[in-house]
Amino acid sequence: MLPPLAIASIVCFALGIKEVESLKNYQYTAWIMTAVLSGMLYPEAFKSWGGVNLRDKTLILIIIQFVMFGMGTHIKVKDFAGIGSTGKGVLVGLFCHFSVMPLMGFLLTRIFHFEPEIAAGIILIGSCSSGLASNVMVYLAKGNLVLSVVVTAMATLAAPFLTPLLMKLLAGTLIEVAFVSMMMEIIKIVLIPIGAALLYDFLKNSDKSVLKRARIVALISLIVILCIAFFLKQSAIEGAPREFLGILGFILAAIVMGVVYHFLTTLEPRLDTWMPYISMMGIIYFTTVTTAAGRDNLLKVGGLLFVVSVIHNASGYFFGYWLARLFGMSKTDARTIAFEVGLQNGGMASGLAGTMGKLGTVGLPAAVFSPWMNISGSILANFWRKRAVDK
């Protein structure tokens, strides 16, 4: 009787929290906590539904692509124009992000002795790009939103190369890290859906002639995708050629997705406002399935893993802020860099762990880190919001 009551209570809390002004920013976190509790109490319920394996690699890839596409609809083509005015800040942000968090993750695995795959997951969450949560927190904290958006965008573009490289260097002795394979997975998981979202943003401001040509290109792309799929199914081709054709198919699919989504928004303009909720549902799915898959590990090391997540996250804020100040950046920009360093793309880490078939181990740190970083980020954002500084 107690487990259903516990879940019912936290669901009611997640539904009602938005009505409390001081707590409404924590509604997403409340749903993540609901997902964790559900996975812990009913792990068997989240293994398969109707014969569908909820941990299937293909299913995970599709869902994470939808999550990233939903996030990508909030990145605009014009955001990249901010690089010219934020050049120094972007370089500092990228340097801090891809040095502080991976190295702190590595150090923490040396201090706290987790099993190899969980330790690799800690390094993985530190090696991923920043997510859109950082942009939200910077907005709440009244930081430099332009700088935040550009750093997030550039970190995302750099992730396909830097994340596998850092994993190879720092976690190569813990798990097998196939550099090229991981790079391709990140391209599929992150760059392809965000590319589709950027195409949609471009089409929003295009005239009818451009839209007409885009639809023709999308139709041709769809035909080519079908041809590639048929060829790969019938052919025994393996290795690099097969990987190349697969990536080409995903790129063409991004074109189709961008054009189709633009068409759908002309039929239902509210679709854009729904996308963040679709992304949130995808992340809740990952959190629930990951928790269910790693329940036994969480019972053994969950408390220690939470402590490590708090230290890891706090280190990102601390070193991000003070390194930015050391490089001569203003307090407002330093606060922005602190969020860009301390907040990671948990969805990307979960997606990579899922495609590796290691949700219950490598994916476990991301499941713990994600809800905490939203709590800590909201607390810090509200604290800084009340303490404005000179630009």
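Everything numeric here is computed off the predicted structure, so don't read it as measured data. (Residues numbered from 1 in each chain as written. Predicted model: local features only at pLDDT ≥ 70, side-chain atom pairs only at ≥ 80, totals over all residues. Heavy atoms only, no water.)

S.K.: It is not clear to me how the packing of helix H5 (residues 116-127) against helix H15 (residues 364-385) should be interpreted in this structure. Could you clarify?
M.R.: One way to put it is that H5 packs onto H15 with a least axis distance of 7 Å and a crossing angle of 45°. Taken as axis vectors, H5 and H15 run oblique relative to one another. On the side of H5, the interface is formed by Ile118, Gly121, Ile122 and Ile125, while H15 contributes Leu364, Pro365, Ala366 and Phe369. Here the residues of the contact of H5 with H15 sort into 7 nonpolar, 1 polar and no charged. (Axes fitted to C-alpha atoms, helices over the stretch in contact; angles between N-to-C directions. Helix = DSSP H or I, 4+ residues; strand = E, 2+ residues; numbered from the N terminus. Parallel < 35°, antiparallel > 145°, perpendicular 65-115°, else oblique. Contact = heavy atoms within 4.5 Å. Nonpolar A, V, L, I, M, F, W, Y, C, P; charged D, E, K, R; others polar.)

S.K.: Please explain helix H8 (residues 179-204) as it appears in this structure.
M.R.: When the terminal C-alpha atoms of H8 are compared, their 36 Å separation across 26 residues agrees well with the 38 Å that a helix rising 1.5 Å per residue should span. At Ile187, H8 is bent by approximately 35°, the largest bend along its length. (Expected span 1.5 Å × (residues − 1). Bend = angle between axes of the 7 residues up to and from the residue.)

S.K.: Can you walk me through the nonpolar core in this structure?
M.R.: Nonpolar side chains in soluble globular proteins generally cluster together in the buried interior. Within the largest apolar cluster, 89 residues are counted, with the highest numbers of intra-cluster contacts made by Phe114, Met167, Phe339 and Met348. Residues within four places of Phe339 in sequence aside, it is in contact with Ser134, Met137, Val138, Ala141, Tyr317, Gly377, Leu380, Ala381 and Trp384. With 12 residues, the next largest nonpolar core counts Phe69, Ile187, Tyr200 and Ile247 among its residues. (Core = buried A, V, L, I, M, F, W, Y, C linked by side-chain atoms within 4.5 Å. Buried < 20%, exposed > 50% of the residue type's maximum accessible area, 1.4 Å probe, protein only.)

S.K.: Would you take a moment to explain unusual backbone geometry for this structure?
M.R.: Phi angles above zero are rare outside glycine, and Lys142 is one such case at about 60°. If you trace the backbone, Lys142 turns up in the loop between helix H6 (132-140) and helix H7 (145-171).

S.K.: Honestly, the packing of helix H4 (residues 87-111) against helix H13 (residues 331-342) in this entry has me stumped. Any pointers?
M.R.: Any two packed helices are characterised by the angle at which their axes cross and by the distance between the axes. Viewed as axis vectors pointing N to C, H4 and H13 meet at an angle of 35°, and their least axial separation amounts to 9 Å. Crossing of H4 against H13: the hand is right-handed. Contacts from Gly89, Gly93, Cys96, His97, Val100 and Met101 in H4 reach Ile337, Glu340, Val341 and Gly342 in H13. Here the residues of the contact of H4 with H13 sort into 5 nonpolar, 4 polar and 1 charged. (Left-handed = near helix turned anticlockwise from the far one by under 90°.)

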